[in-house]
Amino acid sequence: MAGADTQTIDGILKDFYEDFVAEQVNQKNPLKDLFKFETEGFSGREVVYTSHVSRNVSPMFVGEDSAFADAGVQGHVNLRIGQRKLMGRIRLTWEAMQDSMSSKGAWKQARRDETNGLINDLARKQEYALCSEGRGVLALADEATPTGNTTLELDAPGGITGDAFGNRFVQEGMYVGLVNPATGALRAASVRKVLACNADGTDVTLSAAPTNGADNDYLVQAANADVTDVLDTSYEHAFWGMVALVDDGTYRNNYFGVDRSIYPQYQSYVKASTGAFSLDTLQQISDILDQKLGSKIDILLSHHSTRRLYIDALKADRRYSGPSLQRPDGGTVAFTQGDLTMGEVPIKTIRDFPLDMMMLLDKANSGWICYDSEPGKWVDEDGSILVRVGSGSSGRDSFEGWYRMRRQYHCRYPGYNARMDGITGQSLVVVRAP
């Protein structure tokens, strides 16, 4: 006769639940935390300031009773800085809020979890924007005709040149559409929902094949499945990030109303197609910035894959260390995500940073500004954070909350900074951080 075992007594056994929720989402946003942008209030139409860009050219050496130069004039231009808005949205049913109120019934209160979680997610989106050039582009289409197939090949993550990891900024569940880069118009019948992002970073799976599209179209986020106008997408609505602020016109020639090709003061030094990474290239750029404006590099930014090139460049000169030669230590502080240095200047790694770039910044003197009309708050002008969904016959026993922030990032002296583009040789580890 069979005795009692765990299978036969299963009906009386309980599940044992640990009283915690495992956080499996990376909530660190180092670039936003690193750059303590000076904050200026914003109101009215635009922030406008004047920049002195050229001298009076009339001074000249002259001979006795000789002609001298015509009168000149000081040159000035106005910079005009508007605002960009980031919004997020939550929706909960009454039952979801009610049934999760007690710790006996739920690990977390749904309302608190959704509201706090959304604020973290907005910070994550802001980090992506700070590593971009403000167009709100997620990637470029990477096939001759990106139509007729639910699998869409992607490259140039964030719209920044480079073939690797095209889907790094695309999330499952978001709606995306294709924008014609020549016209800035949304391609008809191109808005689709993202069902999956493949693990090797090269493509996404869409809910249906786009009807229209072309190679190198911009992939942008759309509000919902019914979007037909580019106004309802992320295109040209994102905060300007470092790629726009530290640029020579490659990505942003119109710098807040100033043509960088006419006024090179607003051009950062950019070494295009850098190729193989070298310490000498870093020294060359530092020398150029010192000769140009007397700037002094005090921070370097890169992705982890570029930092490994720096580590590799020092390999021949690095010696094993440790208290015992029987247990040598072949690593650096980068192994624990500490800062390496170049001439005592820290090298900061940013997970969303362009994969083949490095920036050399004079953080102290460049004038980093955040013009801020709304640093972030729940929309509550009608007196409540949560509002009922619908009304009358279309009403639902559900509630929505909206969160908004409105600002723009700016660099007053972009010429103090430099950028290396097209760095090659990375051994890229593709990881899609949630």
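Not measured: the values here are computed from a predicted model.

K.L.:
Could you give an account of the overall build of the protein, naming the residues involved and the relevant values?
P.N.:
Regarding its fold elements, the protein presents six helices and 23 strands. Expressed as a percentage of the 434 residues in the protein, the buried residues total 40%. For the protein, restricting intrachain contacts to residue pairs at least 6 apart in sequence, the fraction spanning at least 24 positions comes to 73%. Accessible surface for the protein amounts to roughly 23,900 Å². Of this, 49% is attributable to carbon and sulfur atoms.

K.L.:
Explain the sheet that holds strand β15 (residues 299–302) residue by residue, including any values.
P.N.:
Ordered in space as β13-β22-β18-β15-β17-β16, the six strands form an open sheet in which the pairing is mixed. Either end of the sheet is taken by a strand with one partner, and the two such strands are β13 (269–271) and β16 (340–342). Neighbour-to-neighbour, the strand axes of the sheet open up by a mean angle of 25°, direction not taken into account. The pairing of β13 with strand β22 (residues 418–420) spans three bridges and is classified as parallel. Bridge pairing links Lys271 to Met420 in β22. In this fold helix α5 (residues 279–293) packs onto β13, β15, β16, β18 (358–361) and β22, with an angle of close to 160° to the strand it touches most, β13. Across the face of the sheet, helix α6 (residues 304–313) comes into contact with β15, β16, β17 (345–349) and β18 while running at roughly 65° to β16.

K.L.:
Can you tell me about helix α3 (residues 110–130), naming the residues and giving the values?
P.N.:
In a regular helix each residue adds 1.5 Å, so 21 residues correspond to 30 Å; α3 covers 30 Å between its end C-alpha atoms and thus fits that length. Every buried residue belonging to α3 is among Ala110, Thr115, Leu118, Leu122, Ala123, Arg124, Gln126, Glu127, Tyr128, Ala129 and Leu130, and all of these are buried.

K.L.:
Explain the environment of Lys377 to me, and be specific about the residues and the numbers.
P.N.:
Of note, Lys377 is situated in strand β19 (residues 368–378). C-alpha separation for the pair Lys377 and Arg404, spaced 27 residues apart in sequence, amounts to 5.8 Å. Setting aside residues no more than four positions away along its own chain, Lys377 makes contact with Trp402, Tyr403 and Arg404.

K.L.:
I'd like to hear about α6, residue by residue, with values.
P.N.:
Within the span of α6, buried status applies to Ser305, Thr306, Arg307, Leu309, Tyr310 and Ile311. Residues of α6 that are buried sit in contact with α5, β15, β16, β17, β18 and β23 (423–424).

K.L.:
For the pattern of salt bridges, give the residues involved together with the corresponding values.
P.N.:
According to the stated counting rule, one finds 16 salt bridges in the structure shown. With its nearest N and O atoms 2.1 Å apart, the salt bridge here joins Arg135 to Glu133. With respect to burial, Arg135 and Glu133 carry one shared label: buried. Residue Arg260 pairs with Asp247 through a salt bridge whose shortest N-O separation is 3.7 Å. Residue Arg260 is found in the loop between β12 (258–259) and β13, and its partner Asp247 is found in the loop between α4 (242–245) and β11 (254–255); the two are separated by 13 residues along the sequence. Pair check on accessibility: Arg260 and Asp247 agree, each one buried. What you see here is one network of salt bridges that share partners, running through Asp247, Arg260, Arg419 and Asp421.

K.L.:
Can you lay out a nonpolar patch on the surface for me, pointing to particular residues and giving the numbers?
P.N.:
On the surface, a cluster of nonpolar side chains totalling about 330 Å² of accessible area is made up of Met60, Val62 and Phe68. As for its placement among the helices and strands, Val62 is situated in the loop between β2 (47–54) and β3 (75–81). Residue class for Val62 comes out partly exposed when judged on its relative accessible area of 46%.

K.L.:
Tell me about the sheet that holds strand β6 (residues 151–155), residues and numbers included.
P.N.:
The strand order β5-β6-β9-β8-β7-β10 describes a closed barrel built from six strands, whose pairing is antiparallel. On average, each strand axis in the sheet is tilted by 50° relative to the strand beside it, whichever way the strands run. Where β6 and strand β9 (residues 203–206) come together, three bridges link them in antiparallel fashion. Bridge pairing in β9 links Thr151 to Thr205.

K.L.:
Residue-level account of the nonpolar core, with values.
P.N.:
Among the nonpolar cores identified, the biggest contains 49 residues, and Leu79, Met242, Leu245, Tyr255, Leu301, Met359 and Leu361 are the most heavily contacted of them. Within the second largest apolar cluster, 18 residues are counted, among which are Ile311, Val345, Met420 and Ile423.

K.L.:
Tell me about the packing of aromatic side chains, and name the residues and values.
P.N.:
Scanning the entire structure with this criterion turns up ten aromatic pairs. Between the aromatic rings of Tyr255 and Phe256, the centroid separation amounts to 4.9 Å while the plane-to-plane angle is 80°, which identifies the pairing as edge-to-face. Exposure remark for Phe256: the relative accessible area of 7% places this residue in the buried category. One aromatic cluster is present, built from ring pairs that chain together Trp240, Tyr255, Phe256 and Tyr266.

K.L.:
Which residues make up the side chain of Asp155, and what values do they have?
P.N.:
Locating Asp155 in the fold gives a position in strand β6. Buried charged residue Asp155 carries no salt bridge. Nearest counter-charge: Arg135, at 11 Å. Excluding residues within four positions of it along the chain, Asp155 makes contact with Ala139, Leu140, Ala141, Asp142, Gly162, Asp163 and Gly166.

K.L.:
Got a sec to walk through unusual backbone geometry? Specific residues and values, please.
P.N.:
Backbone geometry follows two general trends: most residues other than glycine have a negative phi, and most peptide bonds adopt the trans configuration. Positioned with a positive phi, Asp65 is a non-glycine residue whose angle comes to about 60°. Its location among the elements puts Asp65 in the loop between β2 and β3. A relative accessible area of 80% means that Asp65 is categorised as exposed. Positive phi outside glycine occurs at Ala156, with the angle close to 45°. Here Ala156 lies in the loop between β6 and β7 (175–179). Ala156 gets classed as buried once you look at its relative accessible area, which sits at 4%.

Cut-offs used in this document
Residues numbered from 1 in each chain as written. Predicted model: local features only at pLDDT ≥ 70, side-chain atom pairs only at ≥ 80, totals over all residues. Heavy atoms only, no water. Helix = DSSP H or I, 4+ residues; strand = E, 2+ residues; numbered from the N terminus. Buried < 20%, exposed > 50% of the residue type's maximum accessible area, 1.4 Å probe, protein only. Contact = heavy atoms within 4.5 Å. Areas by Shrake-Rupley, 256 points an atom, 1.4 Å probe, with all protein chains shown as cover. Pairing = 2+ DSSP bridges. Axes fitted to C-alpha atoms, helices over the stretch in contact; angles between N-to-C directions. Expected span 1.5 Å × (residues − 1). Salt bridge = Lys/Arg side-chain N within 4 Å of Asp/Glu carboxyl O. Patch = residues over 30% accessible without salt bridge, like charges linked within 9 Å, V, L, I, M, F, W, Y side chains within 5 Å. Core = buried A, V, L, I, M, F, W, Y, C linked by side-chain atoms within 4.5 Å. Phe/Tyr/Trp six-rings, centres within 6.5 Å; stacked < 30°, edge-to-face > 60°. Lys, Arg positive; Asp, Glu negative; His and termini not counted.

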